[in-house]
Amino acid sequence: RKLRSGRFEVHCGGTLINHNTILTAAHCLQDKPGIQPITHVRLGDHDITTTDDGAENVDFTIAQKIKHPYWNPTTLDNDIAIIKLDGTVTYTTGIAPICPPDDYKDRTISKLLRGNQPTVVGWGETKEGSGSQDILRQARVPMVAQKRCKKNYQGVQDVTISDIHLCAGNTKRD
């Protein structure tokens, strides 16, 4: 999120999928009273507190926000969205689209990942309540069986884990 001061603040992450499209979570685009809405996207940064980290970031204004038509902020169902940028991204060593998982087409992802530890990358909290991070981080997380995941979310009001969800993480990383 670009602040009025011109500084950037990490609000959410996203994934570049082509020259002008970002995949993100719908909850990231949810307007909240008293909070400036997201208007910009920054690509290619590593440490938002410095320009001396070797990262060559580029900023884009958001042209369009498209939340999944069945996004439900109460149940968190269909928490996915598309951001269209106001320009065209030039790919570099540090800015490139995600590789489509063509090898996984028509296969059950949860079965393929069972026993594996996918890598998650983001700016999220490292401790509950710590807020977003200034430096991009990554962690390997274990896959969690649907049965266990459903049990873990039983106490969360209105949230139901179904077969369309993937669960990963443990008490230290998720």
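1. Section: the state of the cysteines
Next, step 1: A complete count under the given rule lists 2 disulfides for this structure.
Next, step 2: Residue Cys149 pairs covalently with Cys167 via a disulfide, S to S 1.9 Å. Looking along the S-S bond of the Cys149-Cys167 disulfide, the torsion reads about -65°, which is the left-handed sense. Here Cys167 lies in strand β9 (residues 167-168) and Cys149 lies in helix α2 (residues 146-152), a separation of 18 residues in the sequence. In terms of burial, Cys149 and Cys167 fall into one category: buried.
Next, step 3: Taken in N- to C-terminal order, the disulfide-linked cysteines of the chain are connected 1-2, 3-4.

2. As for the nonpolar core
Nonpolar side chains in soluble globular proteins tend to be buried together.
Next, step 1: Of all hydrophobic cores here, the largest spans 15 residues; its most connected members are Leu16, Ile22, Val41, Leu43, Ile83, Leu85 and Val89.
Next, step 2: Where this core is concerned, the elements lending two or more residues are β3 (40-43), β4 (58-67) and β5 (81-85).
Next, step 3: Sort the elements by how many residues they give to this core and β5 lands first, with 3 residues.
Next, step 4: Ignoring sequence-local partners within four residues, the contact set of Ile22 consists of Gly14, Thr15, Leu16, Val41, Leu43, Ala81, Ile82, Ile83 and Leu85.

3. Overview of a nonpolar patch on the surface
Next, step 1: Residues Ile17, Leu23, Ile80 and Ile98 make up a contiguous nonpolar surface patch of about 300 Å² in total accessible area.
Next, step 2: Mapped onto the secondary structure, Ile98 falls in the loop between β5 and α1 (109-113).

4. Considering the environment of Ala25
Next, step 1: With respect to the helices, strands and loops of the structure, Ala25 is situated in the loop between β2 (21-24) and β3.
Next, step 2: Sequence separation between Ala25 and Ile82 is 57 residues, and the spatial gap between their C-alpha atoms is 8.1 Å.
Next, step 3: Apart from residues lying up to four places away in sequence, Ala25 is in contact with Asp79, Ile80 and Ala81.

What counts, and at which threshold
- Residues numbered from 1 in each chain as written.
- Predicted model: local features only at pLDDT ≥ 70, side-chain atom pairs only at ≥ 80, totals over all residues.
- Heavy atoms only, no water.
- Disulfide = S-S within 2.5 Å.
- Helix = DSSP H or I, 4+ residues; strand = E, 2+ residues; numbered from the N terminus.
- Buried < 20%, exposed > 50% of the residue type's maximum accessible area, 1.4 Å probe, protein only.
- Core = buried A, V, L, I, M, F, W, Y, C linked by side-chain atoms within 4.5 Å.
- Contact = heavy atoms within 4.5 Å.
- Patch = residues over 30% accessible without salt bridge, like charges linked within 9 Å, V, L, I, M, F, W, Y side chains within 5 Å.
- Areas by Shrake-Rupley, 256 points an atom, 1.4 Å probe, with all protein chains shown as cover.
- Salt bridge = Lys/Arg side-chain N within 4 Å of Asp/Glu carboxyl O.

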